Amino acid sequence: MVKVTQRLGGLVLRFAAFCAALGAVIAMVTSRERSSFFVLSLVAKYSDLAAFKYFVIANVIVSVYSFLVLFLPKESLLWKFVVVLDLMVTMLLTSSLSAAVAVAQVGKRGNANAGWLPICGQVPRFCDQITGALIAGLVALILYVFLLIFSIHSVVDPFLLRKS
Amino acid sequence: MAVSKLVLAATSTKSCKVLLGLRVLAFSATLSAAIVMGLNKETKTFVVGNVGNTPVKATFTAKFQHTPAFVFFVVANAMVSFHNMLMIAVHLFGGKMEFTSFRLLSVAILDMLNVTLISAAANAAAFISEVGKNGNKHARWDKICDRFATYCDHGAGALIAAFAGVVLMLIISAISISRLAHPNKCSSSTAATPSVVP
């Protein structure tokens, strides 16, 4: 009985993480806004910034991986491998989110010392959608941290559980 | 692969020396990254214009505090090096403490958290440096590395050290997780038996 609830909990967490990562990808890819500033026309898309491209690629990898692991059978020998892959995927998620947030923060506030002006004033809807994508990425990261601890609990089975 | 051999050898006491060596390396890498970026500062005087015949000069400073990503980089590297120092101390002087499974579990979880922390910090600083090095013509952000070359070079050195720290922390974390499955005490004075029977 404990095993069934364990497996169900793992599946629910992984499905939620898959949805969050997929939502982040979709929100960022569909963010595109054109704004005209007197005669200049500025088109803001996610691919202008390398950090956002990395964010999209990382979250695509994470959602594909989550989707594949959802269908892994319970008795497969690959579950030990899944622990290592979960750690690497969590690292990927946190690094992509951190890079995207760092660059988005420059886009929103600018950097007065480097002479970089903020762009969010001209393309507010683009900025809002990027913010939404980053929040979804954060949710996916938190879920994956829980999943990582959960995978270690169920696969490696530390002694903490076998209380006599 | 060397990593799988390390993981498989986690049951032997030779792995204790390997783990200690890796932790010392990771500690030195992250500490040097934090120090190099923390002392990163360059002041330069530029000619910004001409008033009549005399050039007008202005002094500009490039400091790591100007960029929040670099501040996060310094703080995170300091935290990870402190964590490694703590783990080395526990490794060397924790022989007299009671050896419970909670100790192994907390070491493994802390290592995992620090892996994610250091990878986030290194990556954020890397992408911000890329914008500083190449500029971004869509957002109309000029590159700064052509004017502050020493600042950029020191930053690049700190980034390389941090990425070395990321790889080392990943290996350390993998070894710590594998030690959860086959626990053994890493001390020469094993007079007391472990309190948990395998």
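Residues numbered from 1 in each chain as written. Chains lettered and ligands numbered in written order. Predicted model: local features only at pLDDT ≥ 70, side-chain atom pairs only at ≥ 80, totals over all residues. Heavy atoms only, no water.

1. Overview of the overall build of chain A
Line of reasoning, step 1. Of regular secondary structure, chain A possesses 4 helices and 2 strands.
Line of reasoning, step 2. Reading chain A from its N end, one meets helices and strands in the order α-β-β-α-α-α.
Line of reasoning, step 3. Computed over its C-alpha atoms, the radius of gyration of chain A comes to 20 Å, more than 25% above the 15 Å expected for a compact globule of 164 residues.
Line of reasoning, step 4. Dimensions of chain A, computed from C-alpha atoms along their principal axes, come out at roughly 75 × 30 × 20 Å.
Line of reasoning, step 5. Across the 164 residues of chain A, 48% fall into the buried class.
Line of reasoning, step 6. For chain A, long-range pairs separated by at least 24 residues make up 75% of all intrachain contacts whose partners lie at least 6 apart in sequence.
Line of reasoning, step 7. Accessible surface, chain A: about 8,600 Å² in total, of which carbon and sulfur atoms supply 73%.
Line of reasoning, step 8. In chain A, 14 side chains carry a positive charge and 6 a negative one; their mean positions are 2 Å apart. (Helix = DSSP H or I, 4+ residues; strand = E, 2+ residues; numbered from the N terminus. Rg over C-alpha atoms; globule rule 2.2 N^0.38 Å. Buried < 20%, exposed > 50% of the residue type's maximum accessible area, 1.4 Å probe, protein only. Contact = heavy atoms within 4.5 Å. Areas by Shrake-Rupley, 256 points an atom, 1.4 Å probe, with all protein chains shown as cover. Lys, Arg positive; Asp, Glu negative; His and termini not counted. Charge placed at Lys NZ, Arg CZ, Asp CG, Glu CD.)

2. Comments concerning the overall build of chain B
Line of reasoning, step 1. Counting its secondary structure elements, chain B contains 5 helices and 2 strands.
Line of reasoning, step 2. When the helices and strands of chain B are placed in sequence order, the string is α-α-β-β-α-α-α.
Line of reasoning, step 3. Every one of the 198 residues in chain B was classed for burial, and the buried ones make up 44%.
Line of reasoning, step 4. Relative to all contacts within chain B whose residues are 6 or more apart in sequence, the contacts with residues 24 or more apart total 75%.
Line of reasoning, step 5. Put simply, chain B shows about 10,200 Å² of open surface, and 68% of that area lies on carbon and sulfur atoms.

3. Observations regarding the UniProt feature "transmembrane region" (unreviewed entry) in chain A
Residues and elements named next belong to chain A.
Line of reasoning, step 1. Look at the UniProt record and you will see "transmembrane region" (unreviewed entry) annotated at residues 12-31, 51-72, 84-107 and 133-156.
Line of reasoning, step 2. End-to-end, the C-alpha atoms of residues 12-31 are 29 Å apart, and along that stretch the chain is 90% helix and 0% strand.
Line of reasoning, step 3. With 91% helix and 0% strand, residues 51-72 has end C-alpha atoms that lie 32 Å from one another. (UniProt positions renumbered as here; feature names shortened; annotations may be inferred.)

4. Concerning the environment of Leu 8 of chain A
Line of reasoning, step 1. Relative to the assigned elements, Leu 8 of chain A resides in helix H1 (residues 2-29).
Line of reasoning, step 2. Put simply, Leu 8 of chain A and Gln 122 of chain A are 114 residues apart on the chain and 46 Å apart in space, counted from C-alpha to C-alpha.

5. Focus: the interface of chain A and chain B
Quite often, the size of an interface is put as the accessible area lost when its parts meet.
Line of reasoning, step 1. The interface of chain A with chain B comprises 32 residues on the first partner and 37 residues on the second.
Line of reasoning, step 2. Both faces considered, chain A and chain B share a buried interface measuring about 3,200 Å² in area, 77% of it formed by carbon and sulfur atoms.
Line of reasoning, step 3. Along the contact surface separating chain A from chain B lie 0 salt bridges.
Line of reasoning, step 4. Applying the counting criterion to the chain A and chain B interface returns 6 residue pairs in polar contact (both at pLDDT 80 or more). (Buried area = accessible area lost by both parts, 1.4 Å probe. Salt bridge = Lys/Arg side-chain N within 4 Å of Asp/Glu carboxyl O. Polar contact = N/O pair within 3.5 Å; in protein donor to acceptor, adjacent residues only side chain to side chain.)

6. Observations concerning the packing of helix H3 (residues 79-109) of chain A against helix H4 (residues 124-155) of chain A
Each pair of packed helices gets described by two things: the angle between the helix axes and the distance between those axes.
Residue and element names in this part refer to chain A.
Line of reasoning, step 1. At a minimum axis separation of 9 Å, H3 and H4 run at an interaxial angle of 160 degrees. In terms of their interaxial angle, H3 and H4 are classed as roughly antiparallel. You can see that H3 and H4 cross each other, and the crossing is left-handed.
Line of reasoning, step 2. Of the residues assigned to the contact of H3 with H4, the class counts are 19 nonpolar, 4 polar and 2 charged. (Axes fitted to C-alpha atoms, helices over the stretch in contact; angles between N-to-C directions. Parallel < 35°, antiparallel > 145°, perpendicular 65-115°, else oblique. Left-handed = near helix turned anticlockwise from the far one by under 90°. Nonpolar A, V, L, I, M, F, W, Y, C, P; charged D, E, K, R; others polar.)

7. Quick look at the confidence of the model for chain B
Residues and elements named next belong to chain B.
Line of reasoning, step 1. The share of residues in chain B with pLDDT of 70 or more is 86%, and the mean pLDDT across the chain is 84.
Line of reasoning, step 2. Here residues 188-198 is modelled with pLDDT under 50, and outside its nearest four sequence neighbours on either side it reaches 9 contacts, counting other chains as well.
Line of reasoning, step 3. In the predicted assembly, ipTM is 0.86 and pTM is 0.86. (pLDDT = per-residue confidence, 0-100.)

8. With respect to the UniProt feature "transmembrane region" (unreviewed entry) in chain B
All names here are of chain B.
Line of reasoning, step 1. Annotation from UniProt places "transmembrane region" (unreviewed entry) at residues 20-39, 69-93, 105-128 and 156-177.
Line of reasoning, step 2. Helix makes up 100% of residues 105-128 and strand 0%, and the two end C-alpha atoms of the span are 35 Å apart.
Line of reasoning, step 3. Note that residues 156-177 is 100% helix and 0% strand, and that its end C-alpha atoms are spaced 32 Å apart.

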